[in-house]
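# Close look at the chain arrangement
Chain by chain, the residues:
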Amino acid sequence: MDGEATFRLGIFLLVLLLVASLEFWQPKRQWRESRKKRWGINLGLIALNVVIQRATLGAAAVLMAVHVQAEGWGLLNLVELPWWLAFLIGLLLLDLAIYLQHVLAHALPFFWRLHQVHHADLDLDVTSGLRFHPLEILLSLIYKVAVVAALGLHPLTVLVFEALLNAASMFSHANIRLKPRLERVIRWFVITPDMHRIHHSIHPRETNSNYGFFLSIWDRLLGTYTQDPKDGHLKMTLGLDYQQMQEKLGLKDLLLMPFKPLPKADSETQQSSSQGSNSQGSQ
Ligand SMILES: [Zn+2]
């Protein structure tokens with residue numbers, strides 16, 4: 001699947017260049033940490049994940065889709081649909097599946113141990129969008145393979161969705177200033193940086209909302225939508241409320257982070273406030 005890997009890398013570099021340029025010209029918030037240090041850590045994690053995926057199951061979801069089509073497995077293969085409708089429904093259902101996975105990543109302590117690495121970033125920018133612990137990436141891949149088999153998705157749907165998800169994640173974590181009117185229009189359809197930044201707040205009530213990665217509809221429909229951060233977009237603090245020493249976390253610390261005990265009180269807060277009563281939106 002060399003073509004597939006080149007396609008992924010091409011999309012990654014293109015979006016990285018585009019969003020990083022926008023962050024340079026139109027930054028929204030002041031940086032809290034040195035970008036050189038953060039980029040070293042985040043790009044280090046991203047590179048590690050690429051190597052691990054290439055060595056293991058990187059193309060597994062697409063390969064499963066090829067197999068599923070040959071065998072006629074899955075929900076969407078039970079009905080006759082025009083190809084474009086199956087493609088659109090497939091994209092929607094995959095996005096819903098990723099939303100649900102993200103809700104579980106916050107609700108279940110085992111998954112939160114891995115996912116907290118993503119939330120330990122003290123600033124957000126284009127690199128935060130792909131900064132995940134390698135084990136979380138591997139578990140996500142296994143989950144995605146199961147979803148592809150259950151839904152009976154076409155390989156093209158999976159390939160396009162994976163590229164879309166990567167691009168959407170890099171955009172939604174970007175530190176860019178959009179004109180308020182434009183932001184409001186985009187937010188009706190797609191997660192914007194302002195909407196997703198709320199998910200990275202140190203306040204657990206805000207962290208446990210705005211789970212979407214691509215489309216904003218799931219948070220609105222399922223009662224996990226937060227319109228604005230209580231401390232304001234410019235003043236809100238990003239990161240984990242319990243991780244006092246985040247400034248000192250290097251790449252090795254982040255890799256070991258899931259294996260250290262979770263602070264008791266805060267892990268309970270994470271769970272108790274993930275019950276989805278955060279729908280403060282009135283947009
Ligand atoms: Zn999260």
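An unreviewed UniProt entry annotates the protein as Sterol desaturase/sphingolipid hydroxylase, fatty acid hydroxylase superfamily originating from Marinospirillum celere. As recorded by UniProt, the Subcellular location (unreviewed entry) comment attached to the protein reads in full: "Endomembrane system".

## Digging into the nonpolar core
With 21 residues, the main nonpolar core has Val148, Leu153, Val158 and Phe161 as its most contacted residues. Among the elements of the structure, helix 3 (60-71), helix 4 (83-107), helix 6 (134-151) and helix 7 (155-172) are those that each provide at least two residues to this core.

## Side note on the environment of Pro204
Position of Pro204 relative to the elements: it lies in helix 10 (residues 204-207). The buried category is assigned to Pro204, whose relative accessible area is 13%. A sequence separation of 36 residues divides Pro204 from Leu240, and the C-alpha atoms of the two residues are 8.4 Å apart.

## Some details on the packing of aromatic side chains
Within this structure, the stated rule accounts for four aromatic pairs. Relative to Trp25, the ring of Phe24 lies with its centre 5.1 Å away and its plane at 80°, an arrangement referred to as edge-to-face. Like Phe24, the residue Trp25 is exposed in the burial classification. Taking 6.1 Å as the distance between ring centres and 90° as the angle between the ring planes, the aromatic pair formed by Tyr99 and Tyr211 counts as edge-to-face. One end of the pair, Tyr99, is in helix 4; the other, Tyr211, is in the loop between helix 10 and helix 11 (217-221), and 112 residues separate them in sequence. Residue Tyr99 shares its accessibility class with Tyr211, and that shared class is buried. Of note, Arg220 hangs over the ring of Trp188, and the distance from its end group to the ring centre comes to 4.3 Å.

## Observations regarding the packing of helix 2 (residues 35-55) against helix 6
Relative to each other, helix 2 and helix 6 sit at 40°, their axes nearing to 9 Å. One finds that helix 2 runs oblique with respect to helix 6. Between helix 2 and helix 6 lies a crossing of right-handed hand. Here Leu45, Leu48, Asn49, Ile52 and Gln53 of helix 2 come into contact with helix 6, specifically with Pro134, Ile137 and Leu138.

## What to know about unusual backbone geometry
Phi at Asn210 is positive, roughly 50°, even though this residue is not glycine. With respect to the secondary-structure elements, Asn210 resides in the loop between helix 10 and helix 11.

## Considerations on the coordination of the zinc ion
On the protein side, the zinc ion has His102 (NE2), His106 (NE2), His115 (NE2), His119 (NE2) and His199 (NE2) as donor atoms, found 2.1 to 2.2 Å from it. Counting gaps between the donor residues of the zinc ion yields the pattern H-x3-H-x8-H-x3-H-x79-H. Of this pair, His102 sits in helix 4 while His199 sits in helix 9 (residues 193-199), placing them 97 residues apart in sequence. Relative accessible area serves as the criterion here: at 0%, His199 is assigned to the buried category.

## Thoughts on a nonpolar patch on the surface
Residues Leu104, Leu108, Phe110, Phe111, Leu139 and Ile142 make up a contiguous nonpolar surface patch of roughly 520 Å² in combined accessible area. Among the secondary structure elements, those contributing two or more residues to the nonpolar patch are helix 5 (109-119) and helix 6. Considering the arrangement of structural elements, one finds Leu108 in the loop between helix 4 and helix 5.

Calculation rules
- Residues numbered from 1 in each chain as written.
- Predicted model: local features only at pLDDT ≥ 70, side-chain atom pairs only at ≥ 80, totals over all residues.
- Heavy atoms only, no water.
- UniProt positions renumbered as here; feature names shortened; annotations may be inferred.
- Core = buried A, V, L, I, M, F, W, Y, C linked by side-chain atoms within 4.5 Å.
- Buried < 20%, exposed > 50% of the residue type's maximum accessible area, 1.4 Å probe, protein only.
- Helix = DSSP H or I, 4+ residues; strand = E, 2+ residues; numbered from the N terminus.
- Phe/Tyr/Trp six-rings, centres within 6.5 Å; stacked < 30°, edge-to-face > 60°.
- Lys NZ or Arg CZ within 6 Å of the ring centre and 35° of its normal.
- Axes fitted to C-alpha atoms, helices over the stretch in contact; angles between N-to-C directions.
- Parallel < 35°, antiparallel > 145°, perpendicular 65-115°, else oblique.
- Left-handed = near helix turned anticlockwise from the far one by under 90°.
- Contact = heavy atoms within 4.5 Å.
- Donors = N, O, S within 2.8 Å, 3.2 Å for Na, K, Ca; no water.
- Patch = residues over 30% accessible without salt bridge, like charges linked within 9 Å, V, L, I, M, F, W, Y side chains within 5 Å.
- Areas by Shrake-Rupley, 256 points an atom, 1.4 Å probe, with all protein chains shown as cover.
- Salt bridge = Lys/Arg side-chain N within 4 Å of Asp/Glu carboxyl O.

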